[in-house]
Amino acid sequence: MAQNKIDVNAIFDVETKTISITQTITYKNESDTALDSIFLHDWNNSFSNKSTPLAKRFEEEFSTRFHLAKSEERGFTLVTSIVDQDTNTALDFERLSAHPDVIKVRLAEPLQPKASYNIHLSYILVLPDASFTDYGFTKSRDFELKYWYITPAVFDGSWHYYSNKNLDDLYVPKSDVTLTLTHPLNYRATSELDIVAMNPNSETKQQVTILHGNDRVDTYLSLKKFPRYGFVQTDDLVLISNIYEKDLPGSDKAILTDRITQFLTENLGAYPHKQLLVSNIDYNKNPLYGLNQLPDFLRPFPDQFQYELKLLKTALKKYIDNILLLNPRKEHWLSEGLQIYFMIKYVEAYYPDMKLLGTLANVWGIRAFHAADLDFNFQYFLYSMEIARKNRDQPLTTSKDSLIKFNANIAGKYKAGVGLNYLDEFTEDIDLSTTITDFLNTYKLKAVNISDFESFLKSKTNKDVDWFFTDYVDTRAKIDFKISSVEKSEDSIKVTIKNKRDNTMPISLFKLSNDSVVGKQWVENIQGSKTISVEKDHIDKFVLDYNNAIPEFNQRDNYKSANGSFISNKPLQFRLFKDVEDPYYNQVFFMPLVEFNNIYDGLTLGTKVYNKTILRKRLNYKFSPQYATRSKILTGGFSVFYTHNLENQNLFDITYGLSAGYQSFAQDAFFTRIRPSVSFSFRDDDDFRKDQVDQITARYVSISRELGNDAVIEELDEPDYGVFNLRYTHFNPGIINFSRFNTDLQIADRFSKLSVNYEFRKLTYSNRNINLRLFAGVFLKNNTDPNSNFFSFALDRPTDYLFDLNYLGRSEAAGLFSQQIIIAEGGFKSMLETPFANQWMTTANFSTSIWRYIHAYGDLGLVKNKFSPAKFVYDSGIRLNLVEDYFELYFPVYSNLGWEIAQPNYDEKIRFIITVDPQVLLGLFRRKWY
């Protein structure tokens, strides 16, 4: 029995979405330290304002829903009293300034080791809207509650208290819990706790429901008018769930549920409680990522398999979390790794032939892809390697609130699960699955930490597994081996294996004869290179990690023939569309292209030839010849880029590149651009959640322009030119606080110029958008034609002589496409009488919200041309900020030109921003994950 007790008496008020609570907490000091204060978690209060850690978490993940919510949608806790129950003495308490959802209570007398305290609390919960985290008061006026009542923090020599950050990771000591709930008669409570009594009162139209459970850490309670939970009694426990799959009969669900609970019991040990509750909220917060999330009519997996894995994944997490009492914020990787590890084992046991693409793997055309050959469990390697190839992976021991979202939700869990499977393969002297089961039974409902798991594992195996905890778990070290050489002698073969990384992780070496495995051994402690001798035995090939059990960074150099030929010179393989990398081949992909780049070329048709696979490569090339249907020319371009990733330092990326392209820039006018470049990217290596990035880019832009016979442009002032460009950018892409600073130096034969640009955006506490942009540019030298403004600073529409900006009609002087603007240089919206500056320019652009997406804007600046005095310029108007930076409209009102809104042809003065590049639009989705 637990020494801790929590008794909650809660009265629910639907109309005010409040819960009035009186509560008693009995907590035993299990440490050897006397306590003069205690800490309590009050996570409902994490919704109390826009500056709590939870609010900042929403901001970091580019969500404004909480920030823009009405005050009544956000919740808070009003604590009316905290009393020492034994002496009836009021206790002093305060909320921590950095953690407003943590309460510090000063005890009347120090709590001695092994003694218990009893405190009585009275407080009122004003529940938040459930749209923020799925928990709270729902639109259907139901109560979905998790971490709702006040609970003590864990003390084991130091206090472990944390703020709510929507990670579902409250760390509480196990307690005997009793809930006495007074609620409307037409509501029903669903919980993992046992029902003690249900006392309805028809006169008051209220019901008192009493729930109780021993040794509990789960606080979830659903109080709904029409609960859709199903109860399935199995041989092992009662599984309560509202996870459904359309068109799957109830009898099938019961059979699958029984199989899952049997699997859980066999591998995790007997569940210590009568009931296990898994909800669709649990699943939706941690779904099956990938093809499983496609709409039903596109989903390539059978309904039975889909339902089974949804239920399995959710049940595994709840089961493990409720029996393995790890710190869920600091030691989350083990429980998450066990979840994925046992999902791998389940699919191996019951669906060994299931493919990554499901039924699509058998469809004509698709089955030719390498992805169609891969097993379903390959997805865990794929997703974990996705983030590693992007150089955004983090150690598994990273605190959960310091992980970027993709690592917290997907890649970290998968890396942990794949790692345990790797460990399973390596520890050949034991059955790791059985060892884990023994560990869970030994430490069930006991205080436990990672070192306990490490010690337990080491006591069972004779293999050296230090590498798993020191290298695989605790660092970002990648696994990357290659077979350097194979040398034959009369009776043996010497194989040299090179470890391309600084770690001690082992690698498996397979010996093949006629493509059949004839031997396998583990090679350990490879520092640099290691040579081993093997008997000949008709071996014709050596392969590292032949069964793909090891999450290796690069598998393309894992093969070597015994006769010494260069297996690394793999044959070419041509495929239509991008595929998962096949390490046996050098893959070349083709993809048909249908694009619209500008109004002069119109629709372009062609193909893209490239080597980029699903996972990022260091070296990427692309060749894309296209035919322009309007200009009737062959257009397109090519590019080659090499990315050098650096780990454990602020400089994390160096990219070298060369690109070239040929397109129209006006009717029957064309340009050729050749652009070599190198860029250096910096970030805070200690905190990946900081989106701040610094980048230095050096490039040379060579432009050649030519006119056809039907060109509307009579002549070119500068047909050929080259510009060396050096840029520095500091970027902080927050959705509440956004800033960007960049400097730009350009040097050419006839001019050199320097400019600085600073942008700042803020969404205030009063939900007002404030946008400020400052620009200053000066020519250091300008020997260009004084009658041409081609290289001048532009007030409202840059000439873009470097061809960086995505103009749909860059040479248009009239018509709709001349009204497209891209906020650069001066950033003005009105077309004033002094649109260029060939000496210097400084401007300021400002806008603020009036109502929702309707903003007022104003610009002002000074424009200085040679032989003319500086001119003060200004404009103002209304901005429709529909999607910031992607789709905006500007309506000028007043400027140097006067009241523009009253002038003729006003429709020609309206300006717009539009983005049609799919890759740019995908950035809206990616930013919250990476």
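Residues numbered from 1 in each chain as written. Predicted model: local features only at pLDDT ≥ 70, side-chain atom pairs only at ≥ 80, totals over all residues. Heavy atoms only, no water.

**Q** Sorry, what's going on with the overall build of the protein here?
**A** Counting its secondary structure elements, the protein contains twelve helices and 48 strands. Its C-alpha radius of gyration of 33 Å places the protein within 12% of the 30 Å reference for a compact globule of 930 residues. For the protein, the C-alpha atoms occupy an extent of roughly 90 × 85 × 55 Å along the three principal directions. Put simply, 64% of the contacts in the protein that link residues at least 6 apart link residues at least 24 apart. (Helix = DSSP H or I, 4+ residues; strand = E, 2+ residues; numbered from the N terminus. Rg over C-alpha atoms; globule rule 2.2 N^0.38 Å. Contact = heavy atoms within 4.5 Å.)

**Q** What exactly am I supposed to notice about unusual backbone geometry here?
**A** Comment: phi is negative for the bulk of residues other than glycine, and the bulk of peptide bonds are trans. The backbone phi angle of N391 is positive, close to 60°, even though this residue is not glycine. You can see N391 is positioned in the loop between α7 (378-389) and α8 (405-426). Phi is positive for F577, which is not a glycine, with a value near 75°. Relative to the assigned elements, F577 resides in the loop between β29 (572-576) and β30 (586-596). Given a relative accessible area of 35%, F577 falls into the partly exposed group. (Buried < 20%, exposed > 50% of the residue type's maximum accessible area, 1.4 Å probe, protein only.)

**Q** Just checking my understanding: could you explain the confidence of the model for the protein for this structure?
**A** Note that predicted coordinates carrying low pLDDT should not be read in detail. Residues of the protein with pLDDT of at least 70 account for 98%, and the chain-wide mean is 93. Here helix α12 (residues 918-926) is the element of the protein with the lowest mean pLDDT, 66, and strand β1 (residues 5-13) is the one with the highest, 98. (pLDDT = per-residue confidence, 0-100.)

**Q** I keep staring at the pairing of strand β8 (residues 116-126) and nothing clicks. Help me out?
**A** Across a regular strand the side chains alternate sides, sitting on one face of the sheet and then on the other. In terms of burial, β8 is a largely internal element, eight of the eleven residues being buried. Pairing of strand β2 (residues 18-28) with β8 involves eleven bridges; the strand directions are antiparallel. Paired with Y27 across the two strands is Y117, which belongs to β8. Note that strand β4 (residues 76-84) and β8 share eight bridges and pair antiparallel. Paired with L78 across the bridge in β8 is I124. (Pairing = 2+ DSSP bridges.)

**Q** Is there a simple way to explain the side chain of S624 in this structure?
**A** Note on placement: S624 falls in strand β32 (residues 619-628). Residue classification places S624 among the buried positions, given a relative accessible area of 9%. Ignoring anything within four residues of it in the chain, the contact list for S624 reads L593, T607, K608, T635, G636 and G637.

**Q** Help me out: how do you make sense of a nonpolar patch on the surface in this one?
**A** On the surface, Y853, L882, V883, F887, I914 and V916 cluster together to form a nonpolar patch covering roughly 470 Å² of accessible area. Here I914 lies in strand β48 (residues 911-914). Its relative accessible area of 33% is what places I914 among the partly exposed residues. (Patch = residues over 30% accessible without salt bridge, like charges linked within 9 Å, V, L, I, M, F, W, Y side chains within 5 Å. Areas by Shrake-Rupley, 256 points an atom, 1.4 Å probe, with all protein chains shown as cover. Salt bridge = Lys/Arg side-chain N within 4 Å of Asp/Glu carboxyl O.)

**Q** I would appreciate a short explanation of the pattern of salt bridges in the present structure.
**A** As a working rule, side chains carrying opposite charge can pair if their charged atoms are close by. Overall, the coordinates contain 54 salt bridges when judged by the stated rule. With a closest N to O distance of 3.5 Å, E425 and K520 form a salt bridge. Of this pair, E425 sits in helix α8 while K520 is found in strand β25 (residues 516-523), placing the two residues 95 residues apart along the sequence. Of the charged contacts, one joins R810 and D800 as a salt bridge, the two residues approaching to 2.8 Å between their closest N and O atoms. Of this pair, R810 sits in the loop between β41 (793-794) and β42 (836-837) while D800 sits in the loop between β41 and β42; the two residues are ten residues apart in sequence, bridging distant segments of the chain.

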